[in-house]
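Coordinates in review
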Amino acid sequence: RWTTAETLVLLDVWNEHAVTLRKLKRNAELIKEMAHIIRGRIPDQHRAALIDWKKVRTKMELLQKRFTEERAGKGTTGGKPSTWPFFDTMAAIMG
């Protein structure tokens with residue numbers, strides 16, 4: 001389970017690599033690099049050691065799914081704003 005702080009680190013790293021990720025069809029190597037960067041930015045080295053590229057990829061997929069659901073809930077007229085704390089960051093990443 002990712003903490004909020006760890007998720008924010010992932011989102012920061014993802015945002016830094018978003019353009020490159022959109023261009024790649026096969027992105028496993030870039031996600032491995034991102035996992036390495038994330039591990040370096042998490043202060044708790046025990047928790048950081050538990051994060052591998054597969055966990056990063058899975059977390060990214062879950063965040064994308066949640067963002068899609070949240071965005072759909074707003075509807076085409078704007079609807080009520082999302083209360084999900086990562087919505088605005090994901091909107092910036094997803095474009």
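Presented here is an overview of the structure given in this document. (Residues numbered from 1 in each chain as written. Predicted model: local features only at pLDDT ≥ 70, side-chain atom pairs only at ≥ 80, totals over all residues. Heavy atoms only, no water.)

Residue placement: Thr 4 occurs in helix H1 (residues 4–23). What makes Thr 4 exposed here is its relative accessible area of 51%. Separated by 82 residues in the primary sequence, Thr 4 and Phe 86 place their C-alpha atoms 9.6 Å from one another. (Helix = DSSP H or I, 4+ residues; strand = E, 2+ residues; numbered from the N terminus. Buried < 20%, exposed > 50% of the residue type's maximum accessible area, 1.4 Å probe, protein only.)

A few words now on the pattern of salt bridges. All chains considered together, the criterion is met by 5 salt bridges. Lys 32 serves as the salt-bridge partner of Glu 29, at 3.5 Å between the closest nitrogen and oxygen. With Glu 29 and Lys 32 both in helix H2 (residues 28–41), this residue pair falls 3 residues apart, about one helical turn. A salt bridge links Glu 69 to Lys 65; the nearest nitrogen and oxygen atoms lie 3.6 Å apart. Of the two residues, Glu 69 and Lys 65 are both situated in helix H4 (residues 53–74); the distance of 4 residues between them amounts to about one turn of the helix. Note on Glu 69: relative accessible area 45%, which makes it partly exposed. Overall, Lys 65 belongs to the exposed group, its relative accessible area being 53%. (Salt bridge = Lys/Arg side-chain N within 4 Å of Asp/Glu carboxyl O.)

Another point: H2. The terminal C-alpha atoms of H2, which comprises 14 residues, lie 20 Å apart, in line with the 20 Å expected from a rise of 1.5 Å per residue. Of all the positions in H2, only Leu 30, Ile 31, Met 34, Ala 35 and Ile 38 are classed as buried. For H2, the angular spread of buried residues about the axis comes to 145°, placing them on one side. Of the exposed residues in H2, those oriented more than 90 degrees away from the buried face are Glu 29, His 36 and Gly 40. (Expected span 1.5 Å × (residues − 1). Arc of directions from axis to C-beta.)

A separate point is the nonpolar core. Counting residues in each nonpolar core, the largest one holds 25 residues, and the members touching the most others are Leu 10, Trp 14, Ile 38, Val 56, Met 60, Leu 63 and Met 90. Elements with a minimum of two residues in this core: H1, H2, H4 and helix H5 (87–94). Take this core: its biggest share by element is 7 residues, from H1. Contacts of Ile 38, omitting those with residues within four sequence positions, involve Val 9, Leu 10, Val 13, Ile 51 and Val 56. (Core = buried A, V, L, I, M, F, W, Y, C linked by side-chain atoms within 4.5 Å. Contact = heavy atoms within 4.5 Å.)

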